[in-house]
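Survey of secondary and tertiary structure
Spelled out from the first residue to the last, the chains are:
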Amino acid sequence: MTENDANEDTARSATADPPLLEADDVRHADDGCNEPAVAGVLLAAGTSSRYGSENKLLATLEGEPIVRHAARTLVHSSVDPVVVVLGHETDRVQDALEGVPVETVVNEAYDTGQASSLRTGIEAVCDCGDVDAVLVALGDMPFVAPQTIETVVAAYAAGAGEALAAAFDGDRGNPVLFDARFFDALTDVDGDIGGRELFLESDSSALIEVDDPGVRRDVDVPDDL
């Protein structure tokens, strides 16, 4: 093996997905008295550049904007509060969420990438009070089931890891949960990667296998609907 081969192997191992855990193996076993306080952050600030001239978050699925579906998934779970980060076409996306019990915050720097929205969401959650963790979901993923949120939160409560991502058929998807110890690092990331690098590099990360293909289905182009 050459030095270049070794360096390539090291790079691949550094970005390899964390261990895959079956949800049934990490069920929370106590009486529920010590459930962690987990907030939800929905990233809904992007420009939808790959979707075309329309804002994909406002595209309809079963008669409702997809961002509304994504927000309601969090609302129908145990995460609290639910903070939606707005940016591009703030007023239109806010209108699409009318009647959904969420808090909204605006990322004025949304065009700099997802990391700025993640930072805005984390800071808003911290302003709401003490939380143990935050679950980050994406506004362009309307097919995720509320039970998936509960499964990831339960895995965190059971000690499966401090950075957890839902997975389907062994492939990493969204949402992703981060323990509060990551908050400082999450507010310090830049660009369009968000917390992905932190997740992949942490030795306390794990994938939680769920029976939900929605964790791998985002909407990038109209045909995705």
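In short, a report on the structure.

Definitions and cut-offs
Residues numbered from 1 in each chain as written. Predicted model: local features only at pLDDT ≥ 70, side-chain atom pairs only at ≥ 80, totals over all residues. Heavy atoms only, no water. Salt bridge = Lys/Arg side-chain N within 4 Å of Asp/Glu carboxyl O. Buried < 20%, exposed > 50% of the residue type's maximum accessible area, 1.4 Å probe, protein only. 1 Å grid on protein atoms, 1.4 Å probe; cavity = no way out; pocket = protein on both sides within 12 Å on 5 of 7 lines; lining within 4 Å. Points joined across faces, edges and corners; volume = space filled by probe spheres on them. Helix = DSSP H or I, 4+ residues; strand = E, 2+ residues; numbered from the N terminus. Nonpolar A, V, L, I, M, F, W, Y, C, P; charged D, E, K, R; others polar.

1. Section: the pattern of salt bridges
Evaluation of the coordinates by the stated rule reveals five salt bridges. For Glu64, the salt bridge goes to Arg68, with nearest N and O atoms at 3.6 Å. On the accessibility criterion, Glu64 (22% relative accessible area) is partly exposed. Counted as one network, the salt bridges with shared partners bring together Glu64, Arg68 and Arg72.

2. Regarding empty space enclosed by the protein
A probe as big as a water molecule, rolled over the atoms, marks out the empty space that is left. Under the definition given, this model contains one cavity of 30 Å³ or more. Of the volumes computed, that of the largest cavity is approximately 70 Å³. Contributions of two or more residues to the lining of the largest cavity are made by helix 2 (66-75), strand 7 (133-138) and strand 9 (171-179). Considering every element that reaches the lining of the largest cavity, the biggest residue donor is helix 2, with three residues. Tallied by class, residues from the lining of the largest cavity come to eight nonpolar, two polar and no charged.

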